[in-house]
Amino acid sequence: MRIQKKHTARTTRTTRTARTPRLRRAATAAALALAATALGLGSASPASALSGPSRCDLDVPNATHYCATVTAINPGSFLAIHNEPNYTGGSMGGRLGNGEEVVLYCWTTGAGDADGHGDTYWFYVHPHYAGDTTDGYVNDWYLTTGSYSQWSGLVNHC
């Protein structure tokens, strides 16, 4: 709302004038866009605001690989690397902490994430640091992959 001052000989008084319909429509459109964005992020993984997977430098000729970083793990805890895209098939023994990078080989669907957010996408990964040979599955909720639309065109289905 615009404030307009009217001056008279005796006093200055302030009156309010309504915004034009054009400004009202623009403000409404902006508010709806912001609300839609907020709702879309509410159901995605914690790192969904990030740009998605990043290209890895693996020294593999004629190949493009993508990496993501482990996130949303409680302090003092770890992300286990699993034999299957679920929590009942056992663990490979690999443990990942926040900030560790993994190579995303492929994705599939399986059990929902352990914290109950309903994320059923799993990535077959390999830790991106020398000496670790543990490959296996980790749930998408705990990786900086962004949304399905950000990684599905980059990472193959298993």
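Reading guide: rules and limits
- All residue numbers here refer to positions counted from 1 along the written sequence of the relevant chain.
- For a predicted model such as this one, the threshold for reporting local features is a pLDDT of at least 70, and the threshold for listing and counting side-chain atom pairs is 80 or more; totals across whole chains, interfaces and linings nevertheless cover every residue.
- Remark: hydrogens and water are excluded; side-chain values derive from all non-hydrogen atoms of the structure.
- A score from 0 to 100, pLDDT tells how confident the predictor is in each residue.
- The contact criterion used throughout is that any non-hydrogen atoms of two residues lie within 4.5 Å.
- Using a 1 Å grid laid over the protein atoms alone, points where a 1.4 Å probe fits but cannot get out form a cavity; open sets with protein on both sides within 12 Å along at least 5 of 7 lines form a pocket; any residue with an atom within 4 Å of a point counts as lining.
- Grid points are joined across faces, edges and corners, and a volume is the space filled by probe spheres set on the points.
- To qualify as a nonpolar core, a set must consist of buried Ala, Val, Leu, Ile, Met, Phe, Trp, Tyr and Cys residues joined through side-chain atoms within 4.5 Å.
- Exposed residues in this analysis have more than 50% of their type's maximum accessible area, buried residues have under 20%, and partly exposed residues fall in between, with area computed by a 1.4 Å probe over protein chains only.
- The secondary structure listing takes helices from DSSP runs of H or I that are at least 4 residues long and strands from runs of E that are at least 2 residues long, numbered from the N terminus.

## Remarks on the confidence of the model for the protein chain
So, step 1. Here the protein chain averages 75 in pLDDT, while 62% of its residues score no lower than 70.
So, step 2. Counting contacts from residues 14-49, a segment whose pLDDT is below 50, to residues more than four positions away or on other chains yields 33 contacts.

## Here's the deal with the layout of surface pockets
So, step 1. Roughly 180 Å³ of internal volume is contained in the largest pocket.
So, step 2. Lining the largest pocket, in full, are Ala72, Ile73, Asn74, Ser77, Phe78, Leu79, Ala80, His82, Tyr87, Ala114, Asp115 and Tyr142.

## Some thoughts on the nonpolar core
So, step 1. Ranked by internal contacts, the top residues of the largest apolar core, which has 18 residues, are Leu79, Leu96, Leu104, Phe123, Val138 and Leu143.
So, step 2. The biggest single contributor to this core is strand β7 (residues 101-109), with three residues.
So, step 3. The contact partners of Val138, leaving out residues within four places of it in the chain, are Leu79, Ala80, Ile81, Leu96, Tyr121, Trp122, Phe123, Val125 and Leu143.

## Points about the side chain of Thr134
So, step 1. With respect to the helices and strands, Thr134 occurs in the loop between β8 (121-127) and β9 (136-139).
So, step 2. On the accessibility criterion, Thr134 (17% relative accessible area) is buried.
So, step 3. With residues near it in sequence (within four places) discarded, Thr134 still touches Ile81, Met92, Gly94, Val125, His126 and Pro127.

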